[in-house]
Amino acid sequence: MISLIIGCKGSGKTKHLIAEVNAAVEKSNGHVVCVEKETKLTYDVNSRARLVAADYFDVHGYDAFYGFLSGICAGDHDITDILVDATLRIGSRDYEELADFLKKVDNLSQLTDAKFTFTISADESVLPERIYEYCQKI
């Protein structure tokens, strides 16, 4: 399952994501991973969640991003939740590529039974409609 936290810059997406990470840690019987572009959430996210900075691993673009998420899942079969902040800054602002990426992540989610949550810093009206075939807005 994929959930999206959508809104323009400054709308509180990251705060919402932090609350989602901390709630996931409390209810999870496995591991929770929080992916961010840089290390900014260190003191906000529960220490039981694995915090990973994409920049540290030089992840740029949706192909590398998908491979990165796949590697995280392959390395730990106990992951229940992966939550990602700054999705467009890691991938790109190409919304069609975003839609293709999310479709692949949906397949990964079904394969691994992990729940994915992404923040999307954009107006909902600019996103392709096909995204909502496999993603839900929260």
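Residues take numbers from 1 onward in each chain, read along the sequence in its written order. Whole-chain, interface and lining totals are the exception, using all residues; otherwise, since this is a predicted model, local features are given only for residues with pLDDT of at least 70 and side-chain atom pairs are given and counted only at 80 or more. For the side-chain quantities, the full set of heavy atoms in the structure was used; hydrogens and water were omitted.

Let us now look at the overall build of the protein chain. The helix and strand labels rest on DSSP assignments: H or I over at least four residues marks a helix, E over at least two residues marks a strand, and numbering proceeds from the N terminus. Regarding its fold elements, the protein chain presents four helices and six strands. Starting at the N terminus and walking to the C terminus, you meet the elements of the protein chain as β-α-β-β-α-β-α-α-β-β. Expected size for 138 residues packed as a compact globule is a radius of gyration near 14 Å; at 14 Å, the protein chain falls within 12% of this value. Put simply, the protein chain has 138 residues, and 46% of those count as buried. In the protein chain, 71% of the contacts between residues at least 6 apart in sequence involve partners at least 24 apart. Here the accessible surface of atoms and residues is derived via Shrake-Rupley with a 1.4 Å probe, and residues count as covered only by protein chains that are part of the display. For the protein chain, the computed accessible surface area is about 7,200 Å², with 49% contributed by carbon and sulfur atoms. Within these notes, the globule rule equals 2.2 Å times the number of residues to the 0.38 power, and the radius of gyration is based on C-alpha atoms. When accessible area is computed with a 1.4 Å probe and restricted to protein chains, residues below 20% of their type maximum are described as buried, those above 50% as exposed, and intermediate ones as partly exposed. For this analysis, residues touch if any pair of their heavy atoms sits within 4.5 Å.

Another aspect to go through is the sheet that holds strand 6 (residues 135–137). At least two DSSP bridges between two strands are needed for those strands to be called paired. The strand order across the open sheet formed by six strands is 3-2-4-5-1-6, and the pairing between neighbours is parallel. Taken across any chain shown, the strands that pair with only one partner, and hence form the sheet edges, are strand 3 (50–53) and strand 6. Across the sheet, the mean angle separating the axes of adjacent strands is 20 degrees when strand polarity is ignored. Note: strand 2 (residues 31–36) against strand 4 (residues 79–84), five bridges, orientation parallel. For V33, the partnering residue across the bridge sits in strand 4 and is I82. Between N-to-C directions, angles span 0 to 180 degrees; the directions come from axes that are lines fitted to C-alpha atoms, helices contributing only their stretch in contact. Packing against the sheet, helix 2 (residues 62–75) makes contact with strand 2, strand 3, strand 4 and strand 5 (115–121), and its axis sits at approximately 155 degrees to strand 4.

This part covers the pattern of salt bridges. Any Lys or Arg side-chain nitrogen located within 4 Å of an Asp or Glu carboxyl oxygen qualifies as a salt bridge. Inspection of every chain in the model, using the stated rule, returns eight salt bridges. Salt-bridge contacts for D63 lead to K104; the nearest nitrogen and oxygen are separated by 3.9 Å. Here K104 lies in helix 4 (residues 95–112) and D63 lies in helix 2, a separation of 41 residues in the sequence. For R130, the salt bridge identified is with E96, shortest N-O distance 2.9 Å. Here the residue R130 occupies a position in the loop between strand 5 and strand 6, and E96 occupies one in helix 4, the gap between them amounting to 34 residues. Judged by relative accessible area, R130 falls into the partly exposed class, the value being 29%. Through salt bridges with shared partners, a single network forms among E38, K40 and R89.

A word on the nonpolar core. General note: in soluble globular proteins, nonpolar side chains tend to be found buried as a group. Buried residues of nine kinds, namely Ala, Val, Leu, Ile, Met, Phe, Trp, Tyr and Cys, make up a nonpolar core once their side-chain atoms join them within 4.5 Å. V35, L69, I82, L98, L102, F116 and F118 are the most contacted members of the largest nonpolar core, which totals 35 residues. Mapped onto this core, the elements with two or more residues apiece are strand 1 (2–7), strand 2, helix 2, strand 4, helix 3 (87–90), helix 4 and strand 5. Here this core takes seven residues from helix 4, the largest share from any one element. When sequence neighbours within four positions are dropped, the list of residues in contact with F116 reads M1, I2, S3, L69, C73, I82, V105, L108 and S109. Core analysis: the next-biggest nonpolar cluster, separate from the first, contains twelve residues, I18, V21, V25 and V45 among them.

Below, the discussion takes up the environment of H16. Within the element layout of this structure, H16 appears in helix 1 (residues 13–27). H16 gets classed as partly exposed once you look at its relative accessible area, which sits at 30%. Considering only alpha carbons, one finds H16 and I138, 122 residues apart in sequence, at a separation of 9.5 Å.

Coordinates in, geometry out; function isn't part of it.
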